[in-house]
Amino acid sequence: MLKFLLLAAAALSAEQTLSIIKPDAVNQAEEIDAYLENAGLRVIAAKTVHLTPEQAKEFYAVHKDRPFYNDLVAYMTSGPVIVQVLEGEDAVAANRKAMGSTDPAKASPGTIRADFGTDVQHNAVHGSDSLENAKKEIDFFFQPEEISCKTSS
Ligand code: UDP
Ligand code: MG
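Residues numbered from 1 in each chain as written. Chains lettered and ligands numbered in written order. Predicted model: local features only at pLDDT ≥ 70, side-chain atom pairs only at ≥ 80, totals over all residues.

A. Geometry of unusual backbone geometry. In this model, D90 sits at a positive phi of 50°, which is unusual for a non-glycine residue. With respect to the helices and strands, D90 occurs in the loop between β3 (81–89) and α5 (91–99). For D90, a count of 16 C-beta atoms within 10 Å gives the class partly exposed. We note that A124 has phi near 75°; this positive angle belongs to a residue other than glycine. Topologically, A124 is positioned in the loop between α6 (112–116) and β4 (125–127). (Helix = DSSP H or I, 4+ residues; strand = E, 2+ residues; numbered from the N terminus. Buried ≥ 20, exposed ≤ 12 C-beta atoms within 10 Å, placed from the backbone.)

Below is the structure:
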């Protein structure tokens, strides 16, 4: 009974977030997924996609006026990426913590960006920054039926 209640509580507080393994880190995807699993995150959907410039521009539209926008779009379309739906308690914050700071040089040791990133642009992974954006970003890449265990909408 207690186990059932704990499982039910865990399911209720579970969130989903979107992760992208960026082009230059795709060959380290297994190691990166191990970091995510250690952070209590389960990969419940994953696919490899090669973004078109239009998709990358739309996905990063919030940054369209930033000086790095065009370079970022070029980088994100330079090769395939792996898009993943992660699920777990406080998944958005847990993933951001596992990722580390945007600039790998400033990211805490043991974070994904510290260990797999190269510089502020080539920083190995993307992660949604809020639950609201997580929902939008998951919808950007996945149909509901592509996600194996949808505990929240
Ligand atoms: N980026 C960059 N130069 C910068 C800041 C960001 O090239 O000065 C890139 C980097 O790949 C980053 C992405 O733009 O991951 C989105 O930036 P954001 O500020 O949203 O950082 P994040 O949420 O990825 O930590
Ligand atoms: Mg961001």
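B. Representation of the site of ligand 1 within the structure. The environment of ligand 1 is made up of H63, F68, L72, T102, V120, Q121, N123, H126 and D129. Counted by class, the shell around ligand 1 contains 3 nonpolar, 5 polar and 1 charged residues. (Near = placed C-beta within 6 Å. Nonpolar A, V, L, I, M, F, W, Y, C, P; charged D, E, K, R; others polar.)

C. Region of interest: α5. Taken together, the buried positions of α5 are A91, V92, N95, A98 and M99. Burial along α5 is one-sided: seen end-on, the buried residues are contained in an arc of 135°. Count one or two residues on from α5 and you reach G100, which has phi positive near 85°. (Arc of directions from axis to C-beta.)

D. Quick look at the sheet that holds strand β1 (residues 14–21). Taken in spatial order, the 4 strands of this open sheet run β2-β3-β1-β4, and their pairing is antiparallel. Each end of this open sheet is capped by a strand with a single partner; those strands are β2 (42–49) and β4. On average, each strand axis in the sheet is inclined to that of its neighbour by 20°, with strand direction left out of account. When β2 meets β3, the two strands line up antiparallel, connected through 7 bridges. Note on β3: the bridge partner recorded for K47 is V83. Of the strands in this sheet, β1, β2, β3 and β4 are in contact with helix α2 (residues 29–38), which crosses β1 at around 155°. (Pairing = 2+ DSSP bridges. Axes fitted to C-alpha atoms, helices over the stretch in contact; angles between N-to-C directions. Contact = placed C-beta atoms within 7 Å.)

E. Molecular detail of the nonpolar core. Counting 28 residues, the largest nonpolar core has I21, I32, V81, I112 and V125 as its most contacted members. Here I32 is in contact with I21, A25, I112, F116, A124 and V125, once residues within four sequence places are set aside. (Core = buried A, V, L, I, M, F, W, Y, C linked by C-beta atoms within 7 Å.)

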